[in-house]
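Per-entry structural report
As a plain string of letters, each chain reads:
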Amino acid sequence: MRLRPYKPCDGDIVAGWLNDEKTHAMWSAGKYSFPMTGDQINDRFDDGRDNPNEFMMTAIEDDGTPVGYFLLRNADWEAQSVHMGFIVVDSARRGKGNGKQMLTLAKKYCFEILGMRRITLGVFHINRRAIDCYESAGFVPFGTEDETFNFNGREWKVIDMECVRGDE
């Protein structure tokens, strides 16, 4: 697996991994409408194109096939911190270590290329598989947000997690 910058041709592929409403909600927290489309992701790409503190990344197999996606945003160059979000792996590849592999590459990119000291992310408390994946990649919980997200009458809390260079 490798990382490369996101390209608009990835949009429809990534959208195809978010094909059920609950998975889509856990991924987007209501920031994208369901059903997901590549155009929605590409609109975000266009909006962030000139933002020096935002990076969309695609994980690819050795043959170039996209297998994962994430967004780095809110890069704070002085504090050496960046937030990772909209993390997703190809639905056919989940549960096979691909998420951990992608996160390991993302950490290397953030720490070694961007020079960050800290990476944060948020995950809903009901998304146990994602929490386990993040923990296996070296992220640890450090708090819970006060705001909740409502999905079909259920309140989801956001757990804040971080990975600090040298602690992983």
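See the structure shown above.
Quick caveat, the model's predicted, so the values are computed rather than measured.

**Quick look at the overall build of the protein chain**
Check the secondary structure of the protein chain and you find five helices and seven strands. Mapped from its N terminus to its C terminus, the protein chain presents α and β elements in the order β-α-α-α-β-β-β-α-β-α-β-β. A compact globule built from 168 residues would reach a C-alpha radius of gyration of about 15 Å, and the protein chain, at 15 Å, matches this within 12%. With the C-alpha coordinates of the protein chain rotated into their principal frame, the extents come out at 40 × 40 × 35 Å. Expressed as a percentage of its 168 residues, the buried residues of the protein chain come to 46%. Look at the contacts in the protein chain between residues 6 or more apart in sequence, and 58% of them connect residues 24 or more apart. Here the protein chain contributes 21 positively and 27 negatively charged side chains, and the mean placements of these two sets differ by 5 Å.

**Regarding the nonpolar core**
Within the largest apolar cluster, 29 residues are counted, with the highest numbers of intra-cluster contacts made by Phe70, Met84, Ile87, Leu121, Val123, Tyr134 and Phe139. Of all elements in the fold, only β2 (55–60), β3 (66–76), β4 (81–89), α4 (98–113), β5 (118–124), α5 (128–136) and β7 (154–164) reach the threshold of two or more residues within this core. Per-element accounting of this core gives the leading share, five residues, to α4. Core analysis: the second largest hydrophobic core is formed by 15 residues, Ala15, Leu18, Met36 and Tyr69 among them.

**Regarding the sheet that holds β3**
In space, the seven strands of this open sheet follow the order β1-β2-β3-β4-β5-β7-β6, with mixed pairing throughout. Each end of this open sheet is capped by a strand with a single partner; those strands are β1 (2–5) and β6 (140–151). Across the sheet, the mean angle separating the axes of adjacent strands is 30° when strand polarity is ignored. Those strands touched by α4 are β1, β2, β3, β4, β5 and β7, and its axis lies near 155° from that of β4. α5 contacts β4, β5, β6 and β7 of the sheet and is inclined by roughly 160° relative to β5.

**A word on the packing of aromatic side chains**
Within the structure shown, the criterion is met by twelve aromatic pairs. An aromatic cluster is built from Tyr6, Trp27, Tyr32, Phe45, Tyr69 and Phe86, whose rings are joined through pairwise contacts. The residue whose ring lies beneath Arg118 is Phe142, and the NZ or CZ to ring-centre distance is 4.9 Å.

**A short note on helix α3 (residues 38–48)**
Among all positions in α3, only Gly38, Gln40, Ile41, Asn42, Phe45 and Gly48 are buried. In this structure, the buried side of α3 is in contact with α1 (11–16), α2 (21–28), β2 and β3.

**Considering the pattern of salt bridges**
What the rule picks out here adds up to nine salt bridges. Two residues, Glu135 and Arg128, come together in a salt bridge whose shortest N-O distance is 3.6 Å. Residue Arg128 is classed as partly exposed on the basis of its relative accessible area of 45%. Connected through salt bridges with shared partners, the residues Glu61, Asp90 and Arg93 form a single ionic network.

**Some details on the packing of α4 against α5**
At their nearest, the axes of α4 and α5 sit 9 Å apart, and the two run at 45° to each other. On the basis of the axis angle, α4 is oblique to α5. The way α4 lies across α5 gives a crossing that is right-handed. From α4, Gly99, Lys100 and Leu103 reach across to α5, where they touch Cys133, Tyr134 and Ser136. Split into classes, the residues belonging to the contact of α4 with α5 amount to three nonpolar, two polar and one charged.

**What to know about the environment of Ala79**
Tracing the backbone shows Ala79 in the loop between β3 and β4. Taking C-alpha positions, Ala79 is 17 Å from Tyr109, a pair spaced 30 residues apart along the chain.

Conventions adopted
Residues numbered from 1 in each chain as written. Predicted model: local features only at pLDDT ≥ 70, side-chain atom pairs only at ≥ 80, totals over all residues. Heavy atoms only, no water. Helix = DSSP H or I, 4+ residues; strand = E, 2+ residues; numbered from the N terminus. Rg over C-alpha atoms; globule rule 2.2 N^0.38 Å. Buried < 20%, exposed > 50% of the residue type's maximum accessible area, 1.4 Å probe, protein only. Contact = heavy atoms within 4.5 Å. Lys, Arg positive; Asp, Glu negative; His and termini not counted. Charge placed at Lys NZ, Arg CZ, Asp CG, Glu CD. Core = buried A, V, L, I, M, F, W, Y, C linked by side-chain atoms within 4.5 Å. Pairing = 2+ DSSP bridges. Axes fitted to C-alpha atoms, helices over the stretch in contact; angles between N-to-C directions. Phe/Tyr/Trp six-rings, centres within 6.5 Å; stacked < 30°, edge-to-face > 60°. Lys NZ or Arg CZ within 6 Å of the ring centre and 35° of its normal. Salt bridge = Lys/Arg side-chain N within 4 Å of Asp/Glu carboxyl O. Parallel < 35°, antiparallel > 145°, perpendicular 65-115°, else oblique. Left-handed = near helix turned anticlockwise from the far one by under 90°. Nonpolar A, V, L, I, M, F, W, Y, C, P; charged D, E, K, R; others polar.

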